[in-house]
Amino acid sequence: MSTCYQKSLRAFLEQESVIKTKHQAKELHARLIRTMAPVSAILNSKIISIYSNFNLLQDSLTLFNTIDSPQPTKAWKSIIKCYASSGLFLNSLTSFNEMRSVGRIPDRNVFPSVLKSCVQLRDLRLGESVHGCVMRLGLDCDLYTGNALMNMYAKLQLPKAQQPFDEFPERKKQVVGLKDMTEKPIEMEALGMDTVRKVFQTMPIRDVVSWNTIIQGNVHGGRYKEALGMLREMGNSDLKPDSFTLSTVLPIFSKNVDLKKGKEIHGFAIRHGFDGDGFIGSSLIDMYANCTRVEDSYKLFSLLPQCDAVSWNSIIAACVQNGRFDEGLELFRQMLRADIEPLGHSFSIIMPACAHLTTLTLGKQLHAYIIRTGNDENLYVASSLVDMYAKCGNIKNARWIFDNMEIQDSVSWTAMIMGYAMHGHYDAISLFEEMQMAGVQSNSVVFVAVLTACSHAGLVNEAWKYFSTMTQNHGIAPGLEHYAALADLLGRAGRLQEAYDFISSMHIKPTGSVWSALLSACRVHRNFEMADKVAKEIFKIDPEYTGAYALLSNMYGAAGSWKEAQKIRITMRRKGMKKKPACSWIEVKNKVHAFVAGDKSHPFYGQIDEALQDILERIENEGYVPDTSEIPHDVDEEQKRYAVSTHSERLAIAFGIISSPAGTTIRVTKNLRVCVDCHTAIKFISKTMGREIIVRDNIRFHHFKDGNCSCGDYW
DNA sequence: ATAGGGTTAG
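Per an unreviewed UniProt entry, chain A goes by DYW domain-containing protein and derives from Coffea canephora. UniProt, in its Sequence similarities (unreviewed entry) section for chain A, records the words "Belongs to the PPR family. PCMP-H subfamily."

What follows covers the UniProt feature "repeat: PPR" (unreviewed entry) in chain A. The UniProt entry lists residues 207–241, 308–342, 409–442 and 443–478 under the feature "repeat: PPR" (unreviewed entry), expressed in the numbering used here. Secondary structure content for residues 207–241 is 74% helix and 0% strand, and the end C-alpha separation is 11 Å. As a span, residues 308–342 carries 71% helix and 0% strand, and end to end its C-alpha atoms are 10 Å apart.

Although it is not a glycine, Asn55 sits at a positive phi angle of roughly 65°. With respect to the helices, strands and loops of the structure, Asn55 is situated in the loop between helix H3 (41–53) and helix H4 (57–66). At Arg122, a residue that is not glycine, the phi angle is positive and equals roughly 50°. Turning to its location among the elements, Arg122 is positioned in the loop between helix H7 (111–120) and helix H8 (124–136). Take Arg122: its relative accessible area is 46%, and that puts it in the partly exposed class.

With respect to spatial proximity, 47 residues lie near DNA strand B, and among them Lys155, Asn313, His345, Lys391 and Asn698 are the closest. The sugar-phosphate share of atoms of DNA strand B within 4 Å of the protein amounts to 41%. Contact between DNA strand B and Ser348: a base nitrogen at 3.1 Å from a side-chain N or O atom of the residue. Here a phosphate oxygen of DNA strand B and a side-chain polar atom of Lys391 are 2.6 Å apart.

Residue placement: Ser92 occurs in helix H6 (residues 89–101). Dropping the residues within four chain positions of it, Ser92 is found in contact with Ile80, Tyr83, Ala84 and Ser117.

Both strand E1 (residues 583–588) and strand E2 (residues 591–596) contribute to a ladder of six bridges, which runs antiparallel. Across the sheet, residue Ser584 finds its bridge partner in E2, namely Phe595. Turn length for the E1-E2 hairpin, with the two strands adjacent in sequence and antiparallel, is two residues, and the turn residue Lys589 shows positive phi of about 45°.

Criteria and cut-off values
Position numbers for residues start from 1 in each chain and track the written sequence from start to end. Chain labels run from A onward and ligand labels from 1 onward, assigned in the order the entries are written. Per-residue local features are limited, in this predicted model, to residues with pLDDT of at least 70; the limit for side-chain atom pairs, both in listing and counting, is 80 or more; totals at the level of whole chains, interfaces and linings are taken over all residues. Values reported for side chains reflect all heavy atoms of the structure, with hydrogen atoms and water molecules removed beforehand. UniProt positions are given in the numbering used here, feature names are shortened, and annotations may be inferred rather than shown by experiment. Each helix is a run of DSSP H or I of at least 4 residues and each strand a run of E of at least 2, with the numbering of both proceeding from the N terminus. Per-residue accessibility, obtained with a 1.4 Å probe over protein chains only, is compared with the maximum for each type, and a residue is labelled buried under 20%, exposed over 50%, and partly exposed between these values. We call a residue near a molecule or strand as soon as one heavy atom of that residue lies within 4 Å of the molecule or strand. Each polar contact in these results corresponds to two N or O atoms within 3.5 Å; when the atoms are within protein, one needs to be able to donate a hydrogen and the other to accept it, and residues that are neighboring in sequence are counted only if both atoms are side-chain atoms. Here a residue-residue contact requires only that any non-hydrogen atoms of the pair lie within 4.5 Å. Strands were regarded as paired on the criterion that DSSP finds at least two bridges between them.

Structure representation (structure tokens):
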């Protein structure tokens, strides 16, 4: 027996290093059972260890349970590791506790798995107690354990968005006076990073993984300076950055829009043969896209040796975030055709494209797909759906999704509030109050939504109130968008001087677009004196600001000052400026049809024109009188009439009417503000043709029904 | 034991 055992053991040990497949592992196990029964606990533990290295959880467990307790430490360690690598983190930790309760002492090999489980379960407290255990056993100087400890503290330093708001009372109390507001928002001190640093400093030996881990921890917590400092230090200690290091630091240059540094990393990656690495590839795609170099992103994507869902997500995001919505959608389709299963991420990336293009049908199809793939519980996905439905004018669906979300974070609240704001609902304001009651931390974006809501409802006093709440109670420095919203509101309320003073006293330099909100108010209120003053301010800051020239020229044209208007138009031409062409689009049978003013290129233009004439005749019989006062050209009345009647929104609506069943709602989106005459005409059309017409312009939604518009003619 | 992509913005 004893010799037989010795022989088998020797054979086994010879075999062990040869085992390369699961099949060989099982064969060895079988041979062991044949040659000697019973197999010793030590040998069985060896087999379990081999099984667990192949991630054969069931086989490991079955064998584990055949060993008489107390099972050897080696067996326990294998089970714990196998649970952790199978994603059963709770079981892994339970086994760890059991192991200790039967008196087995864990060693350095098991702690990385245990700490990984703590990370996955986001259980910092348990992780800390494991840390205590590591210290008592004197294992804190072990390289692998130290790395795993650092990783645990780095990962469980809560990301800002998920910080419980009352955990940082000093932030809540922080009051930023108007004078100091140019400073960046206070950076939150990470709790975990101190510990990471401590562990790092204690470690007698550090390898690339140690450096990568601490760098990643800093990046994750937004402390880019420290991360780059560590990168430099790492080089000083004779360790070369590897592909992990590079893809960890690339997001820094992406977020900082630092193309120069990003390219340096790209070059380094190529020189060191990392350029085929998928991780680095997608980080680079993202970096170039963030620097608006989408073509470079495309190039990188095409050079990737293989593309997984993440690479696709990166290139799709690159398009969508740079306003190339159609391309983004096309790539999404290509991804599906390439049999790449979209992930939750993929949906939250593509949904803003539907939101911007107002492609409700497509959005709904994707929503169905999201439900089928079980991604509807994902917070990011749900928020993007709320936004999509709201932007497509289906505020009810938006609200339904919002109400059914498991938790609502500031992003989903913001999407919902902005949705109401765009529809001019007073609900936006009450929803914001609800958000605050629910204890959700406000951020600068939600105040953009609130101020927009005030603006669309004409609530000047409320807007002032929220503006000062934002700065004084929430310590949020107003940005351009906040100033623009308030300036716009004051202007539209006719309080031009107040708006002028307000913009003049901004603590950051106003841009052309902030002033141009006031300029367009000057146009509406026909205040030339102020318009001149404002225009001068704009040209001082941004002599190339096309919008201002166009506004001024229109204003003079409308007032009959042809010479002035022409002078401006000549200037524009000399500077090579082009007015942004007005464009409207409508989704019909899953396809987006776009129209620009006077556009005859649509295949059904004949029918559209016919319908347009018919509609015009019918609404004129109902009392519609064309208002051509906004047409700046010094042209004759008939031409003016023609010009307004072929505005892009009318072409889109006419097309909608002839290509959809009677009585159905028509949804049109326009890239510029809808003109006064079209607004009047569409009111008539909604009544005469018996259609609800929902127009989203660049300002807000207009919901036309029975001859009225939801904006109450205030927009 | 370490790495890539995400939602809200006149």
